[in-house]
Amino acid sequence: MNTKTVYVIAGPTAVGKTAMAIRLAQYFHTSIISADSRQCYKEMNIGTAKPSEDELQSVKHYFLDTFSVTEHITAADFERLSLQYLEEIFRKNDTAVVCGGTGLYIKALCEGLDDMPATDAKIEEQIYKEYQEKGMPWLQEAVENEDPRFFEEKEHQNPARLLRALVFKRSTGKSILNYRSGEKKKRNFNVIKIVLGLPREQLYERIDRRVDAMMQQGLLEEVKRLYPYRHLKNLQTVGYSELFDYLDGHSSQEHAVDKIKQHTRNYAKRQMTWFKRETKALFLDANDETILQQIIHFQAQT
């Protein structure tokens, strides 16, 4: 029988995951593992909405400010590292909290990933460069032509998954679908997944306010510092790529900010589509004042 429990706080961007995870970690006197594919990079702060200094001091966080933006960290890396973090946390606590909106990272920790052949870094860099220059129509057409089986999976509007599929196909000559086993790895801990949500209009309003706040906090200056690295995959990210376009003279600053808001809303919609697949998760309204009590009393699905 598993005696350790991992509480996963998931949901779309700007829904309030960080605050809820901190409340839960404080209740259990434990630590938080970030399941965010960009907050792990030291140089990406404002644009990734990292926890504030006060929040970081209140609870210990893992997988935050851990790597340089020049390093390429994968979901498989996260699986390996997060299991190591849990070993450390479980030496002192029976409970750990995982917080983030990167669905693949959460899947990697809770269920494990299929073993995949390595991809070619040069091919990956070239594909991301072409995507940056030519946009979604080019990417969609390339995947439809080169991996029609994957394209039929209705991932037409998810650039991250389309890019991964194209990189894999050009690197190995095979569809990434060939390596999906559907088998879940056994874990020696219970998992309780909580997916936070808000009414769409309220969530979109919070996204718009957050983007405005990021600009006031100095997001443009952060992007200027990272401009020499704009070709890196890690920086092909909402909040950064739009401002790179502005710095390159392709748009006005106002237009770039509007694009950040639009693309963040699109990303939030994709996140909710992903998390709706979680049939055993507890779905909660982030406005609910009894949310902490509901989470604590929710029984683990083992």
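All figures in this text were calculated on a predicted structure; none of them were measured in a lab.

Novice: What exactly am I supposed to notice about the overall build of the protein chain here?
Specialist: A tally of helices and strands in the protein chain yields 12 helices and 6 strands. Here the C-alpha radius of gyration of the protein chain, 19 Å, is about what a compact globule of 302 residues would show, namely 19 Å. Each principal axis of the C-alpha distribution contributes one length, and for the protein chain these read about 50 × 45 × 35 Å. For the protein chain, with 302 residues in total, the buried portion stands at 50%. Across the protein chain, the fraction of contacts at a sequence separation of at least 24, relative to all contacts at a separation of at least 6, is 75%. Carbon and sulfur atoms make up 46% of the accessible area of the protein chain, which totals about 15700 Å². Between the mean site of the 43 positive side-chain charges and the mean site of the 43 negative ones, the protein chain shows a separation of 4 Å.

Novice: Would you explain the pattern of salt bridges in this entry?
Specialist: Two side chains that carry opposite charge are able to pair once their charged atoms sit near each other. All chains considered together, the criterion is met by 16 salt bridges. For E124, the salt bridge goes to K233, with nearest N and O atoms at 3.1 Å. Taken together, the residues span a long stretch of sequence, with E124 in helix α5 (residues 121-146) and K233 in the loop between α9 (219-226) and α10 (241-247) at a distance of 109 residues. Overall, the relative accessible area of 11% leaves E124 in the buried class.

Novice: Looking at this model, I keep getting lost on helix α4 (residues 103-111). Mind explaining?
Specialist: The periodicity of an α-helix, 3.6 residues per turn, causes residues three or four positions apart to be oriented the same way. Burial analysis of α4 places 7 of its 9 residues in the buried class, the great majority of the element. Turning to α4, its buried residues are G103, Y105, I106, A108, L109, C110 and E111. Its buried side turned inward, α4 meets β1 (5-10), α3 (75-90), β4 (95-99), β5 (190-197) and α11 (253-275). One or two positions beyond α4, positive phi appears at G112, with a value near 85°.

About the thresholds
Residues numbered from 1 in each chain as written. Predicted model: local features only at pLDDT ≥ 70, side-chain atom pairs only at ≥ 80, totals over all residues. Heavy atoms only, no water. Helix = DSSP H or I, 4+ residues; strand = E, 2+ residues; numbered from the N terminus. Rg over C-alpha atoms; globule rule 2.2 N^0.38 Å. Buried < 20%, exposed > 50% of the residue type's maximum accessible area, 1.4 Å probe, protein only. Contact = heavy atoms within 4.5 Å. Areas by Shrake-Rupley, 256 points an atom, 1.4 Å probe, with all protein chains shown as cover. Lys, Arg positive; Asp, Glu negative; His and termini not counted. Charge placed at Lys NZ, Arg CZ, Asp CG, Glu CD. Salt bridge = Lys/Arg side-chain N within 4 Å of Asp/Glu carboxyl O.

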